[in-house]
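An overview of the molecular structure
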Protein chains: 2
Amino acid sequence: MSVLKQLQDIVGAAQVLTGEAMDPYVVDWRGRYRGQALAVVRPASTQEVADVVKVCVSNKTPIVPSGGNTSLCGGATPDDTGRAVVVCLARLNKVRAIDTDNDTMTVEAGCILQAVQEAARGADRLFPLSLAAEGSCTIGGNLATNAGGTQVLRYGNTRDLALGLEVVTAEGEIWHGLRGLRKDNTGYDLRDLFIGSEGTLGIITAATLKLYPLPVAQRTAMLALNTMEDAITVLSRARAGFGASLTGFEVMMGPVLQAVVRLFPQQRLPFEGASAQSPWFALLELSDSESAEHAQGRFEAVLGAAIEDGLVTDAAIAENIAQSKAMWHLRESIPLAEAELGKSIKHDVSIPISSIGRFVQVTNAALQKRFPGIQHIVFGHLGDGNLHYNVARAPNQTEQELLASQYDVYQLVHDSVHAHAGSISAEHGVGQLKRDELTRYKSELELKLMKQIKTALDPQGLMNPGKVLQA
Amino acid sequence: MSVLKQLQDIVGAAQVLTGEAMDPYVVDWRGRYRGQALAVVRPASTQEVADVVKVCVSNKTPIVPSGGNTSLCGGATPDDTGRAVVVCLARLNKVRAIDTDNDTMTVEAGCILQAVQEAARGADRLFPLSLAAEGSCTIGGNLATNAGGTQVLRYGNTRDLALGLEVVTAEGEIWHGLRGLRKDNTGYDLRDLFIGSEGTLGIITAATLKLYPLPVAQRTAMLALNTMEDAITVLSRARAGFGASLTGFEVMMGPVLQAVVRLFPQQRLPFEGASAQSPWFALLELSDSESAEHAQGRFEAVLGAAIEDGLVTDAAIAENIAQSKAMWHLRESIPLAEAELGKSIKHDVSIPISSIGRFVQVTNAALQKRFPGIQHIVFGHLGDGNLHYNVARAPNQTEQELLASQYDVYQLVHDSVHAHAGSISAEHGVGQLKRDELTRYKSELELKLMKQIKTALDPQGLMNPGKVLQA
């Protein structure tokens, strides 16, 4: 019996896609990678996923797990051999349980992140993971890539939000690891090994996640600053002054936000005059367990001192939810503004916070020397040391000229990241995009240990081949 | 050349102990396990550890890593074959770096936990890991066992406090993974695999740890309660009302604290009359980033409401540091009081918080039915779902009779833990003590995955054999 027939027997013929119906699954959403597949299979249960994997394994057919197809690194796109089966988890989309006394919820991998957030809110709880793609990415993909986002400063990455997993292994067995425990020291940390492994060791089918109390009030502030160093000092003071109430600390180059308001005139900076022309801006979010007035008072005390000490040149505290949303909207419009400016070369890097100022100075200077006039687009989650350090063409350059230098730019920036003890993938994962780059920056020993684990858990090398590690 | 001679060449003859000099290293501190060793080696650097491992590997000599020898599960005690070399990490005790801007510190494995806390405090930062053995346990042992303690509710287990590791692998190579990054998604999570593996996959020689701002003020309160269910409701309200300022939530059976003040008359409960006879007590700690007055006000608001609603029968808020220390001293005296009461059978378990009340009821009843008159000693970190669920002899029983039923008691309690979706080792690890029990509660698949990883990273099975997994 053919592989296709066997797969149809498991999930039903309607859920085995071939030909053009596969198109949305074989191209990544940025359109950088296009692959081919034998079929796209859409199982509806963990048992069906396990049965699909068993069929693939017995036919030596590669398996590419797929969620919301929002990977920025081609992590869910098959290669061009056409041999792989794409296993789409979208139909595993049930919230299985919410336990408010235990502050946990158990959800299936195909749940859209926003649906998970809303289910938690419906139970008067917060599921804090929040990122730009939340309307279409799935929690399974978030787990597979250990996604980050804007709340990491307070709540950690996806890994920190997961207590238990259900996983279909590379042999098609089901690991029932859906524990809702804050403490469990009974053996090796399989959970964290599967999280972030990008589908190369097994398929995450469900997870038990941590919930938190909803904040009583949130307050947002935007600051104008002269230097990145000042932003780092303000971050340190904000951590001390607000404790864990500080749930967001974003930093943005002035010219980047100025481009946002130039391109989208319906948006406005909350500053006038010189402050609006500031070289740097920061966006702070305070989540308070008391009241809006209390949050406001805290902001005024800490930010007032920072202004007095000359660390902050101007500050605007949102007075209502609309103003707060407008501030976040400025931040979230940066990628759109980037797109308006034409193609750019993007880096998702992290650096120890103590070295970020120097990293930006040194790297900007090195880029200018090598590519005079190139434009810097620097913003990111300063509280996590995570910068989106992007580069747009010089005024006298064409897009083609910029893109022709893409790999030289990557190498210059990533070499600088490495020299500053940073990571070349902070929150987007490796996928295909950075797989080969990784061999430049990881030690041979670390790559060897990773390969030993890969071989131990996926001896035939069928799970998402060519992602993370070279085949 | 003999193994001993080779080891002496690496660390110097004075640091290779044999004969009686090995005594402190071959018995665990509770005196439950006594092993034998070929030698105890005390390397002074990571390179020396690596060289020692290489010598052992080439001679097929088992290796038992040792820190402060405070394992409660015999995790650092060699078996009785006398073939193993104990590798004591105590001389790797340098604080290598503190980076206050990045809020990280890098310490060697042999640093005493208390020294790590003090080094952080000296830099005006908090390293929050805190547990009873902190004056003698080492951070390497804390990492190897993923130790818990009293601050987990807010700051997590040791795993959550580590950003990077340096590890000597089972082949004697050095993995330089001392990253100080909050976000790093570049491959498999080797860090969390080594953490909690109890020296069975490699030897942790150093770690980069997270630091936090010191709280501006701390306030402690003790509550008298009628039931465990009420304690759970108060926990939920405290989490909502205090947010992340809630850094401790301990629960204790009334008769246990009453035994403490009976046995140690210099200690006193902060209650009089009926409240002092309460069936349950809770200990709360609030760490405030504003002021002592603010913490006091928050306590009064949330606890006042809990009293009005009948959830709490009485509450005492410590008015100064001495009173606060006295409350914690009551809690910390429970193990000493237990020892005064004679030998007890101890369980370190975790349960989803929503099931803890039922677990205690059902398990107490089952124990009473099977062992009439047996005494319950129940206390623990309710905020983490972690109970120390211990049992002392019935009045008409001798210690010998109690201990004769030890394995039946283990099985009854652990079966109940398992039936309530809990863990039989919350924060103490597996070691030798629970290695065989584990096979009763872990699925065959999970044990198989663990063995596959063990074989991949330690193919000769020389790293701490007989711990965690059966040899």
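In this text, all values refer to a predicted model and were calculated from it rather than measured experimentally. (Residues numbered from 1 in each chain as written. Chains lettered and ligands numbered in written order. Predicted model: local features only at pLDDT ≥ 70, side-chain atom pairs only at ≥ 80, totals over all residues. Heavy atoms only, no water.)

**So, the overall build of chain A**
Within chain A, the regular secondary structure consists of 19 helices and 19 strands. Taking 471 residues into account, the globule formula puts the C-alpha radius of gyration at 23 Å, and chain A, at 23 Å, falls close to it. Expressed along its principal axes, the backbone C-alpha trace of chain A runs to roughly 75 × 55 × 45 Å. Within the span of chain A, comprising 471 residues, buried residues form 63% of the whole. Sequence separation of 24 or more characterises 72% of the internal contacts of chain A that already satisfy a separation of 6 or more. For chain A, the exposed area adds up to about 17,100 Å²; of that, 50% sits on carbon and sulfur atoms. (Helix = DSSP H or I, 4+ residues; strand = E, 2+ residues; numbered from the N terminus. Rg over C-alpha atoms; globule rule 2.2 N^0.38 Å. Buried < 20%, exposed > 50% of the residue type's maximum accessible area, 1.4 Å probe, protein only. Contact = heavy atoms within 4.5 Å. Areas by Shrake-Rupley, 256 points an atom, 1.4 Å probe, with all protein chains shown as cover.)

**Let's talk about the relation of the copies chain B and chain A**
The operation relating chain B to chain A is a screw motion whose rotation component is 180 degrees, with 0.0 Å of axial translation and a residual RMSD of 0.1 Å. Both chain copies can therefore be described as sitting about a two-fold axis. The overlap is high: 100% of the interface residues of chain B also sit at the interface in chain A, so the same surface is used on both sides. (Least-squares fit on C-alpha atoms with pLDDT ≥ 70 in both.)

**Quick look at the packing of helix α19 (residues 444-457) of chain A against helix α19 (residues 444-457) of chain B**
Packing of α19(A) against α19(B) leaves a shortest axis separation of 9 Å and a crossing angle of 140 degrees. With respect to α19(B), the axis of α19(A) lies oblique. Remark: the crossing between α19(A) and α19(B) carries right-handed chirality. Here α19(A) contributes A:L449, A:Q452, A:I453, A:A456 and A:L457 to the contact with α19(B), which in turn contributes B:L449, B:Q452, B:I453, B:A456 and B:L457. Within the contact of α19(A) with α19(B), the residues separate by chemical class into 8 nonpolar, 2 polar and no charged. (Axes fitted to C-alpha atoms, helices over the stretch in contact; angles between N-to-C directions. Parallel < 35°, antiparallel > 145°, perpendicular 65-115°, else oblique. Left-handed = near helix turned anticlockwise from the far one by under 90°. Nonpolar A, V, L, I, M, F, W, Y, C, P; charged D, E, K, R; others polar.)

**Concerning the environment of B:S66**
Residue and element names in this part refer to chain B. Locating S66 in the fold gives a position in strand β3 (residues 63-66). For the pair S66 and P78, spaced 12 residues apart in sequence, the C-alpha separation works out to 9.7 Å. Dropping the residues within four chain positions of it, S66 is found in contact with Y25, A76, V86, V87, C88 and L89.

**As for the packing of helix α1 (residues 3-11) of chain A against helix α3 (residues 46-58) of chain A**
Residue and element names in this part refer to chain A. α3 packs onto α1 with a crossing angle of 170 degrees between their chain directions and a minimal axis gap of 10 Å. Comparing their axes, α3 and α1 come out roughly antiparallel. Two packed elements cross with a definite hand, and for α1 against α3 that hand is right-handed. Contact with α1, carried on its side by V3, Q6, L7, I10 and V11, involves E48, D51, V52 and V55 of α3 and no other residues of that element. Grouping the amino acids of the contact of α1 with α3 by side-chain chemistry returns 6 nonpolar, 1 polar and 2 charged.

**Quick word on helix α4 (residues 113-122) of chain B**
Residue and element names in this part refer to chain B. Those residues of α4 lying buried are L113, V116, Q117 and A120. Down the axis, α4 shows its buried residues gathered within 100 degrees of arc, on one side only. Along its buried surface, α4 packs onto β6 (104-108), β7 (125-126), α5 (139-145) and β10 (202-210). The first or second residue beyond α4 is D124, which carries a positive phi of 65 degrees. (Arc of directions from axis to C-beta.)

**Observations concerning the pattern of salt bridges**
All told, the structure shown has 50 salt bridges over all chains when counted by the stated rule. One salt bridge connects B:E108 with B:K94, and the closest N-O pair in it is separated by 3.8 Å. Placement of the pair is B:E108 in strand β6 and B:K94 in the loop between β4 (85-88) and β5 (95-99), with a sequence separation of 14 residues. For B:R440, the salt bridge identified is with B:D415, shortest N-O distance 2.9 Å. One end of the pair, B:R440, is in helix α18 (residues 435-441); the other, B:D415, is in helix α17 (residues 406-419), with 25 residues separating them in the sequence. Among the charged side chains, a network of salt bridges with common partners joins A:K94, A:R96, A:E108 and A:E166. (Salt bridge = Lys/Arg side-chain N within 4 Å of Asp/Glu carboxyl O.)

**Topic: the interface of chain B and chain A**
On the chain A side, the residues contacting the 86 residues of chain B number 86 residues. Together chain B and chain A conceal approximately 6,700 Å² of surface at their shared face, both sides included; 52% is due to carbon and sulfur atoms. Considering only the surface of chain B that becomes buried against chain A, B:K183, B:N185 and B:Y188 emerge as the three largest contributors, covering 16% of it. Between chain B and chain A we count 16 salt bridges in total. Taking the shortest distance from any N to any O, the salt bridge between A:E427 and B:K183 comes out at 2.8 Å. Joining chain B to chain A, the criterion identifies 51 residue pairs in polar contact (both at pLDDT 80 or more). When residues of the side of chain B that touches chain A are traced back to their parent elements, those giving at least two are α6 (152-155), α7 (158-161), β9 (174-177), α8 (190-194), β11 (212-213), α9 (228-242), α12 (292-308) and α19 of chain B. In terms of residue count, α19(B) provides more of the side of chain B that touches chain A than any other element does, 10 residues in total. For the side of chain B that touches chain A, the per-class residue count stands at 32 nonpolar, 30 polar and 24 charged. (Buried area = accessible area lost by both parts, 1.4 Å probe. Polar contact = N/O pair within 3.5 Å; in protein donor to acceptor, adjacent residues only side chain to side chain.)

**Examining the sheet that holds strand β2 (residues 39-41) of chain A**
Consider a sheet: its strands pair through backbone hydrogen bonds, and that pairing is either parallel or antiparallel. Residues and elements named next belong to chain A. With mixed pairing, 4 strands are arranged side by side in an open sheet as β1-β2-β4-β3. Two strands bound the open sheet, and with one partner strand each, they are β1 (16-17) and β3 (63-66). Both β2 and strand β4 (residues 85-88) contribute to a ladder of 3 bridges, which runs parallel. Note on β4: the bridge partner recorded for A39 is V85. (Pairing = 2+ DSSP bridges.)

**Focus on the packing of aromatic side chains**
Residues and elements named next belong to chain B. Following the criterion strictly, the structure yields 12 aromatic pairs over all chains and no others. Ring centres of W175 and F194 lie 6.0 Å apart, and the angle between their planes is 35 degrees; this geometry places the pair in the tilted category. Of this pair, W175 sits in strand β9 while F194 is found in helix α8, placing the two residues 19 residues apart along the sequence. A residue is classified by how much of its surface remains accessible, and W175, at 2% relative accessible area, is buried. (Phe/Tyr/Trp six-rings, centres within 6.5 Å; stacked < 30°, edge-to-face > 60°.)

**Here we look at unusual backbone geometry**
Residue and element names in this part refer to chain B. Although it is not a glycine, K60 adopts a positive phi angle of roughly 50 degrees. Structurally, K60 is set in the loop between α3 (46-58) and β3. Given the relative accessible area of 52%, K60 is considered exposed. Backbone geometry places N69, a non-glycine residue, at a positive phi of 55 degrees. As for its placement among the helices and strands, N69 is situated in the loop between β3 and β4.

**Structural notes on α19(B)**
The first and last C-alpha atoms of α19(B) sit 20 Å apart over 14 residues, in line with the 20 Å expected at 1.5 Å per residue. Along α19(B), the positions that sit buried rather than exposed are B:L445, B:E446, B:L447, B:L449, B:M450, B:I453, B:K454, B:A456 and B:L457. For α19(B), the elements touching its buried residues are β8 (162-169), β9 (174-177), α8 (190-194) and α19 of chain A together with α8 and α18 of chain B. (Expected span 1.5 Å × (residues − 1).)

**Remarks on the pairing of strand β13 (residues 246-253) of chain A**
Residue and element names in this part refer to chain A. For β13, the buried fraction is high: 8 of the 8 residues fall into the buried class. Two strands pair when backbone bridges link them, and β13 and strand β14 (residues 280-288) are joined in this way by 7 bridges, in the antiparallel orientation. Of the residues in β14, the one forming a bridge with F249 is L284. Relative to strand β18 (residues 375-381), β13 is paired through 2 bridges, and the arrangement is antiparallel. Counted as the bridge partner of M252 is F379 from β18.

**Thoughts on the domain arrangement of chain A**
How big an interface is tends to be stated in terms of the accessible area lost upon association of its parts. All names here are of chain A. Under the domain assignment used here, chain A contains domain 1 (3-88), domain 2 (95-213), domain 3 (217-331) and domain 4 (342-436). The straight-line distance from the C-alpha centre of domain 1 to that of domain 4 is 33 Å. Of the residues lining the interface, 8 residues belong to domain 1; the matching set on domain 4 comes to 9 residues. Surface buried jointly by domain 1 and domain 4 totals about 720 Å² across both partners, of which 53% is contributed by carbon and sulfur atoms. Three residues, R32, Y33 and C73, lead the burial of domain 1 against domain 4; their summed loss comes to 61% of the area buried on that side. For the side of domain 1 that touches domain 4, a count of residues per class yields 3 nonpolar, 3 polar and 2 charged. (Domains from an automatic or database assignment.)

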